[in-house]
Amino acid sequence: MKLYSTLDKDIVEIQPVKTGQVSMYSCGPTVYYRMQIGNIRAYVNWDILHRALMYLGYEVKRVMNITDVGHMTSEDDFGSDFGEDKLDIQSQKEGVQPIDIANKYIDTVIEDFRALNILAPNGELLPVGLTHLDIQKYGFPRATEYIQEMIEIIKKIEGNGYTYETDQALYFDVTKVDDYNIFTGQALEEKEVGVREEVEVDPEKKHPADFVLWMKKVGKYEKHLMNWDSPWGVGFPGWHIECTAMSVALLGESFDIHTGGIDHIPVHHTNERAQNIGAFGHPAVKYWIHNEWVVNKDDSKISKSKGTKTYLPNLVGMGFDPMDIRYYLLSINYRTKIQFSHEALEGARNARIAITRRITELGSENGNLLPEFVLKFKDSLEDNLNMSKAVAILNELLRSNNQKGDILATVLDFDRVLGLDLDKVSVKEEGIEDGRLEELLSLREKAKIAKDYQESDRLRDEMYSLGFIVKDTPEGQKVERI
Ligand SMILES: [Zn+2]
């Protein structure tokens, strides 16, 4: 399989460390807010990669961390070690402990992953009813449970001479890694400009690009809520060390693929790579793979502060099925920017409905896989996840003159990668008793008047499961067969 390797600046053939097995680490959710469309995009893209690798016959060993440690950098201010502690602030705002905030938002991650058919890192769909209590079993390590591993790795880095300590923190000395800026090709001096402010926070910090491995509970962080003992005093780990600790603990000192958003490249992944070299004397990751952003119409990145309207429940509230969102995000290559708009989502919905409509026409005959289509589908996956081509092959298959049963069998085989619930489409077509639809519409009208949006959403979902899409228009509810 070929993928775009950020380090090689080229599309390369993936050659796993262990033949037949791909080990993959994905930077996971930061849990003090609900994820928005930009985050969802990354998880759908890497879910497609995960599923494609399995489809192509690889055994996939995958880990996705959950950042539930107090000190964390938000997606809006990457690179600052002395930034606001979002979990601390959110927990003060909501009047609960940081860990409760983390748990609450882990539950929303589970909800969204479940609704979008995003597989857990262990390859399973998250079961209904799963909560933060059991999430680790599915391949999501929590940073708070790897503090000891982080301390051990920091000790190694320190033992190898890559650190220095100030009154406020233990730092990684970036000048000790020759090719520290390999990702961006920037000279170290160029990095000074952006992070100059931080030097004022800690006057003992030597180079502006040096980053915190362990932050002490002093100064700005004197009242920090989540702390642990360490050889450098009571405090908490820097953000980058968690991914190094968890990836190496669970995948080993050399693993294949590390995924993340392109915003991770200049700081988070640059620092992760430096830490690996500091601890082990060699890089740990063979292929760094990055996804592009979801952007607004003016090309600016959709971020947490602006993106609340793009939370999955909000999009579902606008009448979109989670599978519309999934289809929208998966049909575009991970390296292409996605411009988010209502019209684009509607386009995706129409395309997906056309596919499901055709599938219902196929009936439920049994059949055999069509090898020529399977081969073409595989080729498109192997070609750096050429998903627009994969979707085009699906459509070509649906229009083909092959036996209905064979088409259906092949479509369902493709759905192992697409994850669009195409196997459930025909069930939705099993009739509906007379008057039931009218009854549901009138119940929903009443629920809307009573502003009981939960009930109105539930009724919309019920009609959807019966094969009807309900749209809210200025003239009232309009219903369409899927
Ligand atoms: Zn990470």
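In this text the structure is predicted, and so the values were computed from the model without any measurement.

1. Things to note about the overall build of the chain
1) Next: Regarding its fold elements, the chain presents 16 helices and 14 strands.
2) Next: Counting only C-alpha atoms, the chain reaches 75 × 55 × 40 Å along its principal axes.
3) Next: Counting over 482 residues, the chain shows a buried share of 56%.
4) Next: Expressed as a percentage of contacts within the chain between residues at least 6 apart in sequence, the contacts between residues at least 24 apart total 73%.
5) Next: Accessible area for the chain stands at about 20,200 Å²; split by element, carbon and sulfur atoms hold 49% of it.
6) Next: Charged side chains in the chain number 57 positive and 79 negative. The centres of these two groups are separated by 3 Å.

2. Quick word on the coordination of the zinc ion
1) Next: Protein-derived coordination of the zinc ion comes from Cys27 (SG), Cys243 (SG) and His268 (NE2), at a distance range of 2.1 to 2.2 Å.
2) Next: Each donor residue of the zinc ion belongs to the same chain, and together they define the spacing C-x215-C-x24-H. Within this pair, whereas Cys27 is found in the loop between β3 (21-26) and α1 (37-55), its partner His268 is found in helix α8 (residues 265-280), the two being separated by 241 residues in sequence.
3) Next: With relative accessibility at 10%, the residue Cys27 sits in the buried group.

3. Observations concerning the packing of helix α7 (residues 239-251) against α8
1) Next: Interhelical geometry of α7 versus α8 gives an angle of 55° and a closest axis separation of 9 Å. Of the possible angle classes, the one that applies to α7 and α8 is oblique. The two elements α7 and α8 cross, and the hand of that crossing is right-handed. Across from Trp239, His240, Ile241, Cys243, Thr244 and Val248 in α7, the residues of α8 making contact are Val267, His268, Asn271, Glu272, Gln275, Asn276 and Phe280.
2) Next: The residue makeup of the contact of α7 with α8, split by class, is six nonpolar, six polar and one charged.

4. Some points on the domain arrangement of the chain
1) Next: Each assigned domain of the chain is listed here: domain 1 (2-158 + 241-294), domain 2 (341-428) and domain 3 (436-481).
2) Next: A straight line from the C-alpha centre of domain 2 to that of domain 3 covers 28 Å.
3) Next: Together domain 2 and domain 3 conceal approximately 510 Å² of surface at their shared face, both sides included; 44% is due to carbon and sulfur atoms.
4) Next: Scanning the region where domain 2 abuts domain 3 turns up zero salt bridges.
5) Next: Joining domain 2 to domain 3, the criterion identifies one residue pair in polar contact (both at pLDDT 80 or more).
6) Next: Its residues assigned to classes, the side of domain 2 that touches domain 3 shows one nonpolar, no polar and four charged.

5. Regarding the sheet that holds strand β6 (residues 169-172)
1) Next: Read from one edge to the other, the open sheet built from four strands follows the order β5-β6-β7-β8, with strand pairing classed as antiparallel. On the outer flanks of this sheet lie β5 (163-165) and β8 (235-237), each paired with one strand and no other. Adjacent strand axes in the sheet meet at a mean angle of 20° when their direction is disregarded.
2) Next: Contacting β5, β6, β7 (211-216) and β8, helix α4 (residues 147-159) runs over the sheet at an angle of about 120° to β7.

6. Structural notes on the sheet that holds β3
1) Next: As summarised here, the arrangement of the four strands in space is β4-β3-β9-β10, forming an open sheet in which the pairing is parallel. What marks the edges here is a single partner per strand, and that holds for β4 (59-64) and β10 (285-291). Averaged over all adjacent pairs, the angle separating strand axes in this sheet is 25°, with direction ignored.
2) Next: Direction of pairing for β3 relative to strand β9 (residues 255-261): parallel, over a ladder of three bridges.

Thresholds, definitions, all that
Residues numbered from 1 in each chain as written. Predicted model: local features only at pLDDT ≥ 70, side-chain atom pairs only at ≥ 80, totals over all residues. Heavy atoms only, no water. Helix = DSSP H or I, 4+ residues; strand = E, 2+ residues; numbered from the N terminus. Buried < 20%, exposed > 50% of the residue type's maximum accessible area, 1.4 Å probe, protein only. Contact = heavy atoms within 4.5 Å. Areas by Shrake-Rupley, 256 points an atom, 1.4 Å probe, with all protein chains shown as cover. Lys, Arg positive; Asp, Glu negative; His and termini not counted. Charge placed at Lys NZ, Arg CZ, Asp CG, Glu CD. Donors = N, O, S within 2.8 Å, 3.2 Å for Na, K, Ca; no water. Axes fitted to C-alpha atoms, helices over the stretch in contact; angles between N-to-C directions. Parallel < 35°, antiparallel > 145°, perpendicular 65-115°, else oblique. Left-handed = near helix turned anticlockwise from the far one by under 90°. Nonpolar A, V, L, I, M, F, W, Y, C, P; charged D, E, K, R; others polar. Domains from an automatic or database assignment. Buried area = accessible area lost by both parts, 1.4 Å probe. Salt bridge = Lys/Arg side-chain N within 4 Å of Asp/Glu carboxyl O. Polar contact = N/O pair within 3.5 Å; in protein donor to acceptor, adjacent residues only side chain to side chain. Pairing = 2+ DSSP bridges.

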